[in-house]
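So the chains spell out like this:
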Amino acid sequence: MLEMTREEFEELVAEALDRIPPELTRLMDNVAVFVEDEPPADDPDLLGLYEGTPLTDRGEWYAGVLPDRITVYRGPTLRMCDTKEDVVVETEVTVVHEIAHHFGIDDARLHALGYG
């Protein structure tokens, strides 16, 4: 398995977030991004997870709720990648994929766009 400290991986996630166009990040609302070492035991290969209410599903009722949560998992990403460059690419794909869920884009569309 490729070795990378949690701090190094968190930096890659931050860099991936920085590459999201500002016109999109300005539209993001009430969402927080986290890095965890491992996903839930029932899905050990999960690279990222979006939990929350997509912007497209929010209505007048949406107020005073906890932030949506995007989690990027370090362990499975490092296990599937052979080089640091692979980790950079996979981390960016994962970050974009989970942010897209925040915007209401489903997995089928993301796979068609190459972010599956």
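Residues numbered from 1 in each chain as written. Predicted model: local features only at pLDDT ≥ 70, side-chain atom pairs only at ≥ 80, totals over all residues. Heavy atoms only, no water.

Under an unreviewed UniProt entry, the protein has the name Metallopeptidase family protein and belongs to Streptomyces noursei.

J.: A description of the pattern of salt bridges should follow, citing residues and the corresponding values.
T.: Throughout the structure, instances matching the rule amount to 8 salt bridges. Among the salt bridges present, the one from Glu92 reaches Arg19, with a minimum N-O distance of 2.6 Å. With Glu92 in helix α4 (residues 84–102) and Arg19 in the loop between α1 (6–18) and α2 (22–25), this pair connects stretches of sequence that are 73 residues apart. Its relative accessible area of 28% is what places Glu92 among the partly exposed residues. Taking the shortest distance from any N to any O, the salt bridge between Glu36 and Arg69 comes out at 3.3 Å. Taken together, the positions of Glu36 in strand β1 (residues 31–36) and Arg69 in strand β3 (residues 68–73) put the pair 33 residues apart, joining distant regions of the chain. The exposure class of Glu36 is partly exposed, given its relative accessible area of 30%. Ionic contacts of the salt-bridge type, sharing partners, join the residues Arg6, Glu10, Asp37 and Arg74 into one network. (Salt bridge = Lys/Arg side-chain N within 4 Å of Asp/Glu carboxyl O. Helix = DSSP H or I, 4+ residues; strand = E, 2+ residues; numbered from the N terminus. Buried < 20%, exposed > 50% of the residue type's maximum accessible area, 1.4 Å probe, protein only.)

J.: Account for the sheet that holds β3, with residues named and values stated.
T.: Reading across the sheet, the 3 strands line up as β1-β3-β2 and stay open at both edges, with mixed pairing between neighbours. Edge positions in the sheet fall to β1 and β2 (48–51), since each has one partner strand and no second. Here the average twist between neighbouring strands, direction ignored, is 15 degrees. As paired elements, β2 and β3 share 4 bridges and run antiparallel to each other. (Pairing = 2+ DSSP bridges. Axes fitted to C-alpha atoms, helices over the stretch in contact; angles between N-to-C directions.)

J.: Account for the environment of Ala41, naming residues and giving values.
T.: Inspection of the secondary structure puts Ala41 in the loop between β1 and β2. Each C-alpha atom of the pair Ala41 and Glu92 lies 24 Å from the other, and the pair is 51 residues apart in sequence.

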